Amino acid sequence: MGKSFLIADHTSSLVIRLVLILNGVFISAAQLNGLMSKIHIVHLGAKQHDTPELVTKSHYQILEPLLGSKEAAKNSIVYNYKHGFSGFAAKLTASQAKNLSVHPEVLSVVPSRVMWPKTTRTYDYLGLSPTSPKGLLHDTKLGSEVIIGVIDSGIWPESHSFNDTGLGPIPKRWKGKCMSGDGFDPKKHCNKKLIGAEFFTEGLLNSEAEYDFESEREFRSPRDAKGHGTHVAATAAGSFVSNASYKGLAVGTARGAAPHARIAMYKTCWRRAGCITADLLKAIDHSIRDGVDVISVSIGNDPPASFDVDMDDIAFGSFQAVMKGIPVVASAGNEGPDAQTIDNVAPWIITVAATSFDRSFPVPITLGNNLTVLAEGLNTFPEVGFIELQNAIELLDTNIEEGVTKGSIVLAFTATATAAKKAHDILEAGCAGIIYAQSVINPTVCNGVDVPCAVVDYEYATDILHYIQTSDSPKAKISPSKTLIGQPLASRVAYFSSRGPNSVTPAILKPDIAAPGVNVLSAVSGVYTILSGSSMATPIVSGIVGLLRQIHPGWSPAAIRSALVTTAWRTDPSGEQIFSEGSTRKLADPFDYGGGLINPEKVANPGLIYDMGINDYVHYLCSAEYDDGSISKLLGKPIKCPYPLPSMLDFNMPSIIIPSLTREVTLTRTVTNVGPADSVYKPLVESPLGIELDVNPKTLVFASNITKGTFNVRVKTSHRVNSDYYFGSLCWTDGVHNVTIPIAVRTKILKSYD
């Protein structure tokens, strides 16, 4: 197989050289080899050497025999991953990558890929108030000892969100640095708030050979040209900024989840080019070395999810971080509301979905008959008075091209792809305003629209349409948004937020948790703006995770995830049920929001945790049928999976997901008491429809010398046909703590055929 592959690759080289020669282009074999080379990431797993120098030396020892010389290996290697784990990124041809993949020390060889960023009042809503005499912020002095590593598009250091007023000395354990570059001077721009700022370009420049920083209006430095990284960093750990506003719209105080935490920015994302995984992996490697408390990654892939611990770079890098006690928080993605669109599904990653919260910006639309409709959206354009109102359905493409919509407001029903394209064409041709009509409102369609924009549902849209059709000269005006705070606005899982179930490992619940990600106010390049996306929800969780690490430094990443899930709100803070926006609105379930909406008031005192260590992750890898050799390289020590293989249903997650229940199954979980020593817990069971749950033992008793308790859950279906998922929960309670995990069960009846 390998020999025939080499022959095929050599034949391709000859064909390409012949074509170039026939076209008058003469090229050497070395030059041709460079043209055919692409960056590949060579995963070696855990480090086998104590010093970075020895780790690097081992990389050359692997690559030199393949390429023929030390010089060739040196010219090929783009990055050495040598701090948190072992591996390297190198320019290799397809045949070289193929041959290297069978090397006994190599875990896997994968091409470097492009990933993309997943693009206040928020914390008052969650109860994370700096004025409270108790709670996370009070107990951690606003997170003053926390270091949050952000992997994104860079940072705008002059923003008021990154001032270091009131901050004490930088934590002594910090080992990172600030790098100089275009428009970025470490002596001027780094301080006791922004303590680290690096940028990584080798993957970018070797993937995008023609990338021009000047024409792309990019900075070859940690400075942020996109604004995304600045927004994320300020949302996680921005300092207090009073009277922040967006385009004249007063919004209030802007701050991060952990306002006195320190920020380390690792820039790996670039205008137009996205985020190159070779660079991203180097950023994770450095963040482990530097001593961050949590890694925040608002980056991901489009569906389908592509998780494999030895093939997916975020999954691999995050695994190594988690093995060293560093939680990794990542976005669920913005490909919702369809099922199975969830990203970052590795079971050691904390995956975050996005919800709305109790602040909105209604847009008044006034018709010529004095009827006023409150639409959704975010309109900061000044009111221009009554102007002509048109119906997009009645417009022909030729009319649009001729500019008949210029100077008019257009009502656009967007139920079909054709109608949505027509609305886009109208915006391109020019109009004075647009009103989107949707069956389920998604106000983010107004993001980036450079004319007054509003969104209404079909009920209001029909009223507007009736007015157009019955008026001789229909007119309307779109007024600037108003700021509405507090009840009666309830939380909803955002339309765009990617949904489960997990398409890669269905027995692992994803997302894990939800946080506000709609209309989040934060800093961007030089100003403040409001953005929506799971990217905005992720740093909220990252900041809270950082606070948890300060208050519970001995907790593992799994313990922290458990505390998030088991204490989460399953209603919004006002007690109202949380709905999920989609083609039809429904009550949210665990595939929409995981354990629920993050609850900072309870998360530091969960009572019990579903903890995991290295043996639990070996359990998972064995149940997922990774071979002994791959697991051994990943962990850096010999591992042999038991036979028969363990069940993934027994993996100690704070959830129970059974994707294919035929009749009956019994599974096991273990909890650790982190509350009062002499605690007694009893189970409260909410069974999914048609499912019988039996928990044993009926009581968990803890004492000073008994900190762990194991229980079994027998799950039996009464369904006689294949079903969809039904949902329930299991809560262990001592009368003070309610330790709740979600349950989802799908019945799959196996039918035999003669």
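Residues numbered from 1 in each chain as written. Predicted model: local features only at pLDDT ≥ 70, side-chain atom pairs only at ≥ 80, totals over all residues. Heavy atoms only, no water.

1. Things to note about the overall build of the protein
Stated precisely, the cut-off is as follows: The helix and strand labels rest on DSSP assignments: H or I over at least four residues marks a helix, E over at least two residues marks a strand, and numbering proceeds from the N terminus. Three labels apply to residues, based on accessible area from a 1.4 Å probe with only protein chains included: buried if under 20% of the type maximum, exposed if over 50%, partly exposed otherwise in between. Each accessible area is a Shrake-Rupley estimate made with a 1.4 Å probe; only the visible protein chains count as cover when residues are assessed.
Looking only at helices and strands, one finds 20 helices and 40 strands in the protein. Expressed as a percentage of the 754 residues in the protein, the buried residues total 57%. For the protein, the accessible area works out to roughly 30,600 Å², and carbon and sulfur atoms hold 53% of it.

2. Quick word on helix 3 (residues 52-67)
How we decide: To estimate how far a helix should extend, the number of its residues minus one is multiplied by 1.5 Å. Here, residues are in contact when the closest pair of their heavy atoms is within 4.5 Å.
Relative to the 22 Å expected for 16 residues at 1.5 Å per residue, helix 3 spans 23 Å between its end C-alpha atoms, a close match to the ideal helical length. Burial in helix 3 covers these residues: V55, T56, S58, H59, Y60, I62 and L63. Where helix 3 is buried, its residues meet strand 1 (38-45), helix 4 (70-76), strand 2 (77-81), strand 3 (86-92) and helix 5 (94-100).

3. Remarks on the environment of S108
You can see S108 is positioned in strand 4 (residues 108-111). Overall, the relative accessible area of 5% leaves S108 in the buried class. Separated by 67 residues in sequence, S108 and I41 place their C-alpha atoms 8.1 Å apart.

4. Considerations on the confidence of the model for the protein
Detailed reading of the predicted model is not advised wherever pLDDT is low. Put simply, the test is: A residue's pLDDT is the confidence the predictor assigns to it, expressed on a 0 to 100 scale.
In this model, the protein carries a mean pLDDT of 88, and residues with pLDDT of at least 70 account for 89%. Predicted confidence for residues 1-21 stays below pLDDT 50, and this span has 22 contacts to residues more than four positions away or in other chains.

5. Some remarks on the pairing of strand 24 (residues 475-478)
Quick note on the threshold: One requirement defines pairing of two strands: DSSP has to find at least two bridges between them.
Of the pairings in the sheet, the one linking strand 18 (residues 363-367) to strand 24 comprises 3 bridges and is antiparallel in character. Counted as the bridge partner of T366 is K477 from strand 24. Direction of pairing for strand 20 (residues 387-391) relative to strand 24: antiparallel, over a ladder of 2 bridges. Residue pairing across strands places E388 opposite K475, the latter belonging to strand 24.

6. Digging into the sheet that holds strand 36 (residues 691-696)
Taking strand neighbours across the sheet as the criterion, the 4 strands line up as 32-34-38-36 in an open arrangement whose pairing is antiparallel. The sheet terminates laterally at strand 32 (608-609) and strand 36, the two strands that pair on one side only. Both strand 34 (residues 664-673) and strand 38 (residues 708-717) contribute to a ladder of 9 bridges, which runs antiparallel. Across the sheet, L667 pairs through a bridge with V713, a residue of strand 38.

7. Regarding the nonpolar core
Quick reminder of the rule: Only buried residues count toward a nonpolar core. Its members are Ala, Val, Leu, Ile, Met, Phe, Trp, Tyr and Cys residues joined through side-chain atoms within 4.5 Å.
Residues I151, I295, W348, F711, V713, V715 and W732 are the most contacted members of the largest nonpolar core, which totals 89 residues. Counting 61 residues, the second-largest nonpolar core is a separate cluster that includes A236, A244, A354 and W555.

8. Focus on the state of the cysteines
The line we're drawing: Count a disulfide wherever a pair of cysteine sulfur atoms falls within 2.5 Å.
Summed over all chains, the structure comprises 4 disulfides. Between the sulfur atoms of C446 and its disulfide partner C453 the distance amounts to 2.1 Å. As the torsion about the S-S bond is roughly -70 degrees, the C446-C453 disulfide counts as left-handed. Its relative accessible area of 7% is what places C446 among the buried residues. For C453, a relative accessible area of 2% gives the class buried.

9. Remarks on unusual backbone geometry
Cis geometry marks the peptide bond from G500 to P501; its omega dihedral reads 0 degrees. Turning to its location among the elements, P501 is positioned in the loop between strand 26 (492-493) and strand 27 (513-516). Look at the link from K510 to P511: it is a cis peptide, with omega at 0 degrees. Examined against the element boundaries, P511 turns out to sit in the loop between strand 26 and strand 27. Despite not being glycine, R217 has its phi angle at roughly 55 degrees, a positive value. Tracing the chain through its elements places R217 in the loop between helix 9 (202-207) and helix 10 (228-237). Of the residues examined, R217 reaches a relative accessible area of 59% and is grouped as exposed. Unusually for a residue other than glycine, N519 sits at a positive phi of about 55 degrees.

10. Thoughts on empty space enclosed by the protein
Condition: Cavities and pockets are found on a 1 Å grid laid over the protein atoms alone: a cavity is a set of points where a 1.4 Å probe fits but cannot escape, a pocket is an open set with protein on both sides within 12 Å along at least five of seven lines, and a lining residue has an atom within 4 Å of such a point. Grid points are joined across faces, edges and corners, and a volume is the space filled by probe spheres set on the points. For this classification, the nonpolar set comprises Ala, Val, Leu, Ile, Met, Phe, Trp, Tyr, Cys and Pro, the charged set comprises Asp, Glu, Lys and Arg, and every other residue, Gly included, is treated as polar.
Empty space within the second largest cavity amounts to approximately 50 Å³. Every residue lining the second largest cavity is listed: V384, G385, I387, I409, A432, P452, K477 and I478. Partitioned by chemical class, the residues of the lining of the second largest cavity number 6 nonpolar, 1 polar and 1 charged.

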